[in-house]
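# Structure assessment
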Amino acid sequence: MARIPLILDCDPGVDDGVALLMAFAAREEIELLAVTTVGGNVGLALTSRNARLIRQVAGRDDVPVYAGRDKAMLVAGVTGARDFHGETGLGHLEVFEPSAPLTEGHAANAIVEMVMARREKTVTVAVLGPMTNLALALLLEPRLAGRLKQVVAMGGARREGGNITASAEFNIWADPHAAQVVVASGCPLVLMGLDATFQVRTTAERLAAIRAIGTPKALAATELLSFTRSVYERLAGDADSPLHDPTTIAWLLRPDLFETRFCRLEIETGSELTRGHTAVEFRLGDGPAPHVQWTTRVDAEGFHALLRELLARP
């Protein structure tokens, strides 16, 4: 099979770090064109450092990292999610200044240039944080939506409720206007909301199995995931923490592990009370065919088997 040309947009972030390790390991399946960073879980300076740090741990300095926007398009007051990711953004993982620098240029421009340079409907963008960079790219180049193969993003909540407010998930809440730009663009979109990611839990047994692999990638993932378990045990009384962003990479590699339903989707941008709420409507009715898929089920055992297999690769 041909490799998947992929741009990975992220805000590392503990779970972004695990997703990056998966994508870097999947050399045979994924042609990783670039990693782009955005302010989200922590500020842009840290997310850009963290992406380069994970790149170095994975031995993938061949992949360029571009920094993007540190703030949302219109809303203010996003200060990160350090309660869940730690002051550095990478939990217990020992941080250092990576040897390879950022690539010059803005992430939004890089997304436009890479997608427009490739054959139509070949490039996928995975968005693991606020959708700001992709939204800016879509506004810079109106033809971009029609050239993308698909966008797979971690964001939104329906059945599970929100994790930053009663009805909103953090990535969408952090920049709801950007999310609405992406949704309204018409590009094929697969969303991994909390309904899906809360099905993928890091149990003590699963963490021990990752630690036993012993590769540098697996040991880094162990540090990241053990921090998340400690946070959830403190905040929720349950150490079996959900694993959010890596579901996007797993879906690209093993879509058979997931069930999705087409839906109509709108993002709440006007109300501060329900800012970032994802209005998911499965009653499609008449009108244009929907272009958004909402993930409803994940094979958690299959996901973790895939995660272990990737982390075991040299």
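As a starting point, this report considers the structure included with it. (Residues numbered from 1 in each chain as written. Predicted model: local features only at pLDDT ≥ 70, side-chain atom pairs only at ≥ 80, totals over all residues. Heavy atoms only, no water.)

With that settled, the discussion passes to helix H13 (residues 300-311). A rise of 1.5 Å per residue sets the reference length of H13, with its 12 residues, at 16 Å; its end C-alpha atoms lie 16 Å apart and thus fit the reference within 8%. Those residues of H13 not exposed but buried are Ala300, Gly302, Phe303, His304, Leu306, Leu307, Leu310 and Leu311. Between the side-chain oxygen of the N-cap and the backbone nitrogen of Glu301 there are 3.3 Å, and the N-cap of H13 in question is Asp299. (Helix = DSSP H or I, 4+ residues; strand = E, 2+ residues; numbered from the N terminus. Expected span 1.5 Å × (residues − 1). Buried < 20%, exposed > 50% of the residue type's maximum accessible area, 1.4 Å probe, protein only. Polar contact = N/O pair within 3.5 Å; in protein donor to acceptor, adjacent residues only side chain to side chain.)

So, about the pairing of strand S10 (residues 278-281). Burial of S10 is one-sided: the residues Thr278 and Val280 facing one way are buried, the residues Ala279 and Glu281 facing the other way are not. Bridging between strand S9 (residues 258-267) and S10 involves four bridges; their strand directions are antiparallel. Within S10, the position partnered with Leu265 by the bridge is Val280. (Pairing = 2+ DSSP bridges.)

Once that is clear, we can look at the packing of aromatic side chains. In the structure shown here, the tally under the stated rule is two aromatic pairs. Judged by centre distance (5.8 Å) and plane angle (55°), the rings of Phe84 and Tyr232 are tilted. Of this pair, Phe84 sits in helix H3 (residues 82-85) while Tyr232 sits in helix H11 (residues 216-236); the two residues are 148 residues apart in sequence, bridging distant segments of the chain. Take Phe84: its relative accessible area is 31%, and that puts it in the partly exposed class. Lying over the aromatic face of Phe282, Arg261 brings its terminal NZ or CZ to 3.9 Å of the ring centre. Over the ring of Trp173 we find Arg275; its NZ or CZ atom is 4.0 Å from the centre of that ring. (Phe/Tyr/Trp six-rings, centres within 6.5 Å; stacked < 30°, edge-to-face > 60°. Lys NZ or Arg CZ within 6 Å of the ring centre and 35° of its normal.)

Its boundaries defined by the atoms lining it, the largest pocket holds a volume of some 380 Å³. Considering the residues around the largest pocket, the lining is formed by 25 residues, among which Asn41, Ala81, Phe84, His85 and Asn163 are closest to the centre. Within the residue set of the lining of the largest pocket, elements represented by two or more residues are helix H1 (14-25), H3, helix H7 (170-174) and H11. Among the elements that take part in the lining of the largest pocket, H3 stands out by supplying four residues, more than any other. The class makeup of the residues in the lining of the largest pocket is 11 nonpolar, seven polar and seven charged. (1 Å grid on protein atoms, 1.4 Å probe; cavity = no way out; pocket = protein on both sides within 12 Å on 5 of 7 lines; lining within 4 Å. Points joined across faces, edges and corners; volume = space filled by probe spheres on them. Nonpolar A, V, L, I, M, F, W, Y, C, P; charged D, E, K, R; others polar.)

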